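# Structural features, examined
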Amino acid sequence: MHNGYWAILGAVLLLVLTGALARVGERGVDYAFDALGLGGLRRYRLGLREWYRYHSVGFLGRSVDVTGVYEPVEYDPGSGRRDRVSATFGRLRRLVILGPAGAGKSMLVKHTLLEWSRAPGWWRRRDVPILVDLQRLGETSGDLGGLVVREMERSRIGRPPRRLAAARRRGRFFFLFDGLDEVPAGIRDQAVVALRDFSRDYPLCRMVVTCREAAYAGELTHMGQPFSHVAIAELDDAAMLRLLRQLGFLRGGEARLVEILRGRPALLRMARNPLLLTIIAYVHANTAATPAGPLPIPVSRADFYGVAIDLLTERDERNAVAGSPARFSPADQREALRDLALGLIDGEFGPDHVTIGRGELIRYLGQWLEKRGQDRRGEDLLATFVERSQLLEPAGLSVLRYRFRHATFRDALAAQRLGDRPEALTARYVADPDEWNETVLLWAGASGALATLLVAELAGSGDPRHQLLALEILTESAEVDPALAQRLVDHFTPRLAAPSCEQRIIDVAGQLAGQELYSGPALYAWLREAALSAAEPLRSRARDALAVTNLADAADLLVALLEADRTAMAPILRMGQVALSALAASARSGSPAAVDVIALIGTPDATLTMVELLGRSGPVAERAAWRLATRTGDEATVEMIRRVRREKLTLDDNARALADSYQWVLEPFAGGRGVTAAFAADGSTALPVVLGYVAALLKTGTEPIPEDVVTVDWRLALPLAVIGVVNSAKVSRVSRWTEFVRSLDLPLRRRRAASLDESAATVDAIDRRLDDPLTPPARRDVAEALAKIADPRHSQMLAMLPRSVIHATLRSLVKRRAPRIDESGWVAARRKTPEPTRLGQIVGGLAAGYILALVIIGGYRLVAAFFTSAGGPVWPSWLVVGAAAVAFGSVALNTVHEDWEWLESLCQAALGVIAVTVFVTALLQLADWIGGPLAVALLFGIPVVILALVAVTLWRYWRYRSDAARLLPELLELAENPRS
């Protein structure tokens with residue numbers, strides 16, 4: 001009898017177990033190993049939050065919170081709009097990101113890692129991002145695959161070789177190769193070839209490569225290579241203000257600094273770079289105070305760098321700390337840095353002109369000190385430069401090489417060293433124009449009348465490159481001979497109309513036209529006329545040059561052109577806050593285009609202007625409402641609106657009454673803590689009135705929704721969109737749902753298409769369509785499909801919401817569990833309704849007890865077999881011991897031989913043998929105790945009872961979730977706590 005049970009039950013259970021394992025599949029095995037901690041993805045996720053939450057801006061130890069500071073963006077010169085660089089990751093699987101030093105490339109990479117680590121679990125299982133520091137490529141002798149494995153090991157990701165091998169077939173990784181420009185010069189070509197080969201070997205993995213723009217020669221994007229490229233845009237006014245607030249240098253004086261910079265065009269251009277903006281803020285905050293306040297920021301770049309270098313080298317004296325490295329006088333520091341900078345550009349320390357090895361640098365500084373009779377160590381002086389003045393830094397993550405914190409510090413110091421030797425400067429520039437261009441400009445800015453001699457020599461050289469540099473010197477120095485300057489301007493002005501014209505010429509023309517020197521007013525008048533009536537390309541170039549002038553008259557002109565010519569948007573945006581007054585006047589006169597540009601400027605003043613425009617009627621008010629709805633998710637924007645007093649609003653009585661009727665939208669966020677208090681306000685603030693009126697215009701507006709609006713603040717749009725879609729959806733005919741599914745390019749499963757199972761087929765289709773992050777095109781697809789069965793306006797609004805909200809809403813429509821809902825469900829969203837969880841807990845306890853009882857009973861018999869014949873034959877016990885040894889051995893071997901994929905299958909088979917043996921042994925033991933029939937009934941009857949209780953629990957839970965009043969609270973919870 002026992003043998004019969006063994007044969008029959010063993011065969012049945014093995015078949016069931018085998019089928020279950022087959023359904024788990026290859027990916028399920030990986031997930032199981034990750035859950036056991038063998039894959040290390042959980043550790044990696046948590047580690048990312050610890051390692052990359054804060055990003056050093058590379059100056060004075062200041063760090064910014066990557067989750068809260070600006071994200072670099074790509075600038076589209078065709079439309080003038082800025083798009084997030086990260087938005088290109090989904091559509092461009094091979095991408096090179098370019099930008100100058102300090103532009104934020106590394107911050108973008110860290111932001112990408114953090115975004116993945118904080119995303120819902122389903123997304124973390126796809127395209128795991130791996131940061132690879134290309135500067136370390138020398139450590140693996142140019143072996144890129146080996147470097148990737150090292151980075152994965154360093155990041156505590158388990159089984160790197162096996163995961164990388166699997167990535168060739170399945171993808172699932174997103175490789176972020178940071179710092180192509182920092183690859184050692186000797187293996188740069190090898191690195192480029194390795195990146196190309198890696199792209200070919202891992203076709204299903206996404207790749208991003210970052211590089212300084214000046215160091216990139218198009219190796220990955222030219223001549224049919226698979227990579228695309230984008231350039232990180234300079235900071236706009238709003239991004240400058242956000243970064244300044246993060247730094248905390250100015251303590252409320254951020255807007256004042258930006259206003260000062262607008263009067264110093266040369267420094268404003270510098271401030272568009274995050275690192276240089278940090279330096280400017282530090283200089284402004286630490287310049288000696290006078291009775292009238294801090295001394296003004298220098299006007300010229302050369303003077304600014306002089307002040308900055310003086311301040312930084314004096315920090316060692318002003319901030320001496322016990323136990324710090326030996327201190328050096330500011331004068332000695334400056335002298336040593338000047339000599340070092342000159343040697344770097346001259347190539348004394350290597351061909352890259354940027355970095356120097358640690359050992360070589362210490363020897364150089366030691367010799368420098370010895371020549372001056374100072375008994376100090378070069379290591380101490382290096383520590384002072386790195387830790388105190390912070391003018392030097394390690395190159396990348398390695399401490400084996402060092403460089404200047406920013407290349408212009410090197411150039412400014414070299415210019416100071418050659419201050420009284422113009423002939424030596426000119427000779428060096430002619431020999432290597434690329435390396436010495438910036439140094440010549442900074443030298444000219446500080447050289448006074450000597451600049452005229454240099455300009456004359458460059459202008460008379462006959463070389464167009466040298467002549468353009470002479471023209472640029474006019475923007476740095478105010479002491480060039482006016483007649484010589486006029487000849488240069490006259491020589492280059494016709495170049496603006498040439499088929500090919502360098503952007504440098506356009507920028508210089510704008511800078512000169514915005515000043516009184518060198519016939520600036522005459523040049524401005526010529527550009528103004530060209531912007532109005534000249535043919536292309538001169539007309540566009542003249543407008544770009546006018547944007548550089550930062551003159552109010554230029555802003556008025558460009559804004560006047562905007563309504564008829566949208567190409568004027570790009571130069572207006574370049575002017576930023578300067579154009580705000582003209583844009584506001586245009587919007588008040590009825591221009592929706594002006595409202596769009598105001599929103600893109602994005603400064604606090606722009607936000608207040610949009611609030612004012614809500615009081616206008618028609619398209620302008622609606623456009624302002626949509627633009628505000630895209631920005632109220634930002635706490636700074638909400639706080640700015642909160643400061644507006646009710647009596648200052650320009651809304652009439654009808655508008656205020658309409659705003660009051662939509663206060664229910666704000667109800668879940670009007671109290672409590674955290675996100676629930678986001679819209680809390682007292683009786684004097686205009687915040688609830690503004691937000692209520694915005695919600696009203698979103699709901700009742702008659703103008704088309706702006707095409708470029710793809711996401712809005714879900715707190716305003718969710719109740720409006722969901723109520724509108726659910727109450728207007730017409731889903732009575734199966735053909736409507738079939739049309740919806742097919743419009744998403746998702747054919748029904750064949751076995752379900754025959755029966756047109758409306759619910760199941762549509763749910764499957766929605767699951768597959770929404771399983772990826774929703775890009776703007778995907779959102780438009782969903783909106784167009786929904787518009788076939790529901791109100792188009794509400795459908796478009798729903799497509800702007802978080803993925804989880806769209807998913808849950810569509811599923812509710814398919815299941816028809818919420819035939820009609822109203823605002824009462826949203827108002828009561830915070831009032832929790834008890835879920836029917838009691839029965840579920842009982843079912844869970846029964847199932848756990850059943851499994852535990854099987855283990856105890858079966859284990860008892862297996863152990864007893866070793867000591868007494870009453871336990872039955874001993875070979876099942878040895879079978880379990882052997883299977884356990886195989887399971888543990890396969891796991892141990894897998895840590896050493898990660899490429900032996902069959903070890904996982906062996907482990908699974910061993911665990912299956914253990915499970916079957918324990919179950920059958922428990923059955924036999926119970927049969928001995930209570931009889932065979934009763935044992936079979938008990939062991940198989942309990943699971944049937946548990947399954948019945950599970951079915952009842954699921955039915956009750958479905959009834960609970962099907963309640964129409966539960967839909968909005970559920971969506972609120974999903975939006976606040978995204979999950980898969």
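Residues numbered from 1 in each chain as written. Predicted model: local features only at pLDDT ≥ 70, side-chain atom pairs only at ≥ 80, totals over all residues. Heavy atoms only, no water.

F304, L583, L614 and L718 are the most contacted members of the largest nonpolar core, which has 202 residues in total. Setting aside anything within four residues of it in sequence, one finds L614 in contact with A621, A624, A625, L628, L651, V690, Y693, V694 and L697. Core analysis: the second largest hydrophobic core is formed by 55 residues, L95, L114, F175 and C211 among them. (Core = buried A, V, L, I, M, F, W, Y, C linked by side-chain atoms within 4.5 Å. Buried < 20%, exposed > 50% of the residue type's maximum accessible area, 1.4 Å probe, protein only. Contact = heavy atoms within 4.5 Å.)

So, on to the sheet that holds strand β13 (residues 392–394). One open sheet accounts for three strands, arranged β12-β14-β13; its pairing is antiparallel. One side of each edge strand has no neighbouring strand; the edge strands of this open sheet are β12 (356–357) and β13. Relative to strand β14 (residues 401–404), β12 runs antiparallel, the two being bridged by two bridges. The residue bridging I356 from the neighbouring strand is Y402, located in β14. (Pairing = 2+ DSSP bridges. Helix = DSSP H or I, 4+ residues; strand = E, 2+ residues; numbered from the N terminus.)

On to the UniProt feature "transmembrane region" (unreviewed entry) in the chain. In the numbering used here, UniProt assigns the "transmembrane region" (unreviewed entry) feature to residues 839–863, 875–894, 906–927 and 933–958. The distance separating the terminal C-alpha atoms of residues 906–927 is 32 Å; by composition the span is 100% helix and 0% strand. (UniProt positions renumbered as here; feature names shortened; annotations may be inferred.)

What follows is about the confidence of the model for the chain. Counting all residues, the mean pLDDT for the chain is 80, and 79% of those residues have values of 70 or more. The least confident element of the chain, judged by mean pLDDT, is helix α36 (residues 750–753) at 36; the most confident is helix α30 (residues 619–629) at 95. Scored below 50 in pLDDT, residues 289–293 makes two contacts in the model with residues more than four places away or belonging to other chains. (pLDDT = per-residue confidence, 0-100.)

Spatially, the five strands line up as an open sheet ordered β6-β7-β8-β5-β9, and their pairing is parallel. In the strand order of this sheet, the two ends are held by β6 (128–133) and β9 (228–231), each with one partner. For this sheet, the mean inter-axis angle between neighbouring strands, taken without regard to orientation, is 20 degrees. (Axes fitted to C-alpha atoms, helices over the stretch in contact; angles between N-to-C directions.)

Attention now moves to the pairing of strand β7 (residues 173–178). Counted residue by residue, β7 has six buried out of six residues, so it is predominantly covered. Residue alternation in β7 divides its side chains into two sets, F173, F175 and F177 and F174, L176 and D178, and both sets are buried. In terms of strand pairing, β6 meets β7 through six bridges, oriented parallel. When the sheet's bridge partners are listed, D133 is paired in β7 with D178.

Here we take up the packing of aromatic side chains. Under the definition given, this model contains 15 aromatic pairs. Taken together, a centroid distance of 5.7 Å and an interplanar angle of 70 degrees make the contact between F304 and Y305 edge-to-face. Among the residues examined, F304 registers a relative accessible area of 1% and is labelled buried. Residue classification places Y305 among the buried positions, given a relative accessible area of 1%. Every member of this aromatic cluster is reached through a ring pair, and the members are F173, F175, F177, F198 and Y202. (Phe/Tyr/Trp six-rings, centres within 6.5 Å; stacked < 30°, edge-to-face > 60°.)

Turning our attention to the packing of helix α20 (residues 464–476) against helix α22 (residues 503–513). Closest axis-to-axis distance for the α20/α22 pair is 9 Å, and the angle between their directions is 30 degrees. Taken together, the axis directions place α20 and α22 in an arrangement best described as roughly parallel. At the point where α20 passes α22, the crossing takes the left-handed sense. Contacts from L468, L471, E472, L474 and T475 of α20 reach α22 at R504, I505, V508, Q511 and L512. Here the residues of the contact of α20 with α22 sort into six nonpolar, two polar and two charged. (Parallel < 35°, antiparallel > 145°, perpendicular 65-115°, else oblique. Left-handed = near helix turned anticlockwise from the far one by under 90°. Nonpolar A, V, L, I, M, F, W, Y, C, P; charged D, E, K, R; others polar.)

Here we come to the packing of helix α13 (residues 330–346) against helix α16 (residues 407–417). Pairs of packed helices are described in terms of their axes, by the angle between the two and the distance that separates them. Following both chains from N to C, one finds α13 and α16 inclined at 105 degrees, their axes separated by 8 Å at the closest point. Of the possible angle classes, the one that applies to α13 and α16 is roughly perpendicular. Together, R334, E335, L337, R338, D339, A341, L342, L344 and I345 of α13 and R410, D411, L413, A414, Q416 and R417 of α16 make up the contact between the two elements. Its residues assigned to classes, the contact of α13 with α16 shows seven nonpolar, one polar and seven charged.

Following the criterion strictly, the structure yields 37 salt bridges and no others. Here R377 ties to E379 by a salt bridge, and the two come within 3.1 Å at their closest N and O atoms. Ionic pairing is found between R627 and D596, a salt bridge with its closest N-O pair at 2.8 Å. Taken as a pair, R627 in helix α30 and D596 in helix α28 (residues 592–601) lie far apart in primary sequence, 31 residues in all. Accessibility expressed as a relative area gives 6% for R627, which makes it buried. Given a relative accessible area of 2%, D596 falls into the buried group. Several salt bridges share partner residues, and in doing so they unite E335, R338, D339, R372 and R417 into one network. (Salt bridge = Lys/Arg side-chain N within 4 Å of Asp/Glu carboxyl O.)

Those residues of helix α9 (residues 254–262) not exposed but buried are E254, L257, V258, I260, L261 and R262. For α9, the elements touching its buried residues are α8 (237–247), α10 (265–271) and α11 (274–286).

For α13, which comprises 17 residues, the first-to-last C-alpha distance of 24 Å matches the rise-based estimate of 24 Å (1.5 Å per residue) to within 8%. In terms of burial, α13 is a largely internal element, 13 of the 17 residues being buried. Positive backbone phi, approximately 85 degrees, marks G347, located one or two places after α13. (Expected span 1.5 Å × (residues − 1).)

On the secondary structure map, Q333 appears in helix α13. You can call Q333 buried: its relative accessible area is 0%. One polar contact links the side chain of Q333 to the main-chain carbonyl oxygen of F328, over a distance of 3.1 Å. (Polar contact = N/O pair within 3.5 Å; in protein donor to acceptor, adjacent residues only side chain to side chain.)

Here we take up the environment of D143. Of note, D143 is situated in the loop between β6 and α5 (144–154). For D143, a relative accessible area of 41% translates into the label partly exposed. Remark: the alpha-carbon pair of D143 and A194, spanning 51 residues in sequence, is separated by 7.4 Å. Here G146 takes part through its backbone nitrogen, which lies 3.2 Å from a polar atom of the side chain of D143.

Strand residues, when the strand is regular, have side chains that alternate between the two faces of the sheet. Among the six residues of strand β5 (residues 94–99), six are classified as buried, and the element is accordingly described as predominantly covered. Here β5 shows two buried faces, one formed by R94, V96 and L98 and the other by L95, I97 and G99. The pairing of β5 with strand β8 (residues 206–212) spans six bridges and is classified as parallel. In the strand pairing of β8, V96 is matched with V209. Where β5 and β9 come together, four bridges link them in parallel fashion. Residue pairing for β9: I97 is matched across the bridge by V230.

Together, Y860, W929, I930, L934, L938 and I942 make up a nonpolar patch on the protein surface, roughly 580 Å² of accessible area in all. Where the nonpolar patch is concerned, the elements lending two or more residues are α44 (902–930) and α45 (932–962). Here the nonpolar patch gets three residues from one element, more than from any other, and that element is α45. Secondary-structure assignment places I930 in helix α44. Relative accessible area serves as the criterion here: at 38%, I930 is assigned to the partly exposed category. (Patch = residues over 30% accessible without salt bridge, like charges linked within 9 Å, V, L, I, M, F, W, Y side chains within 5 Å. Areas by Shrake-Rupley, 256 points an atom, 1.4 Å probe, with all protein chains shown as cover.)

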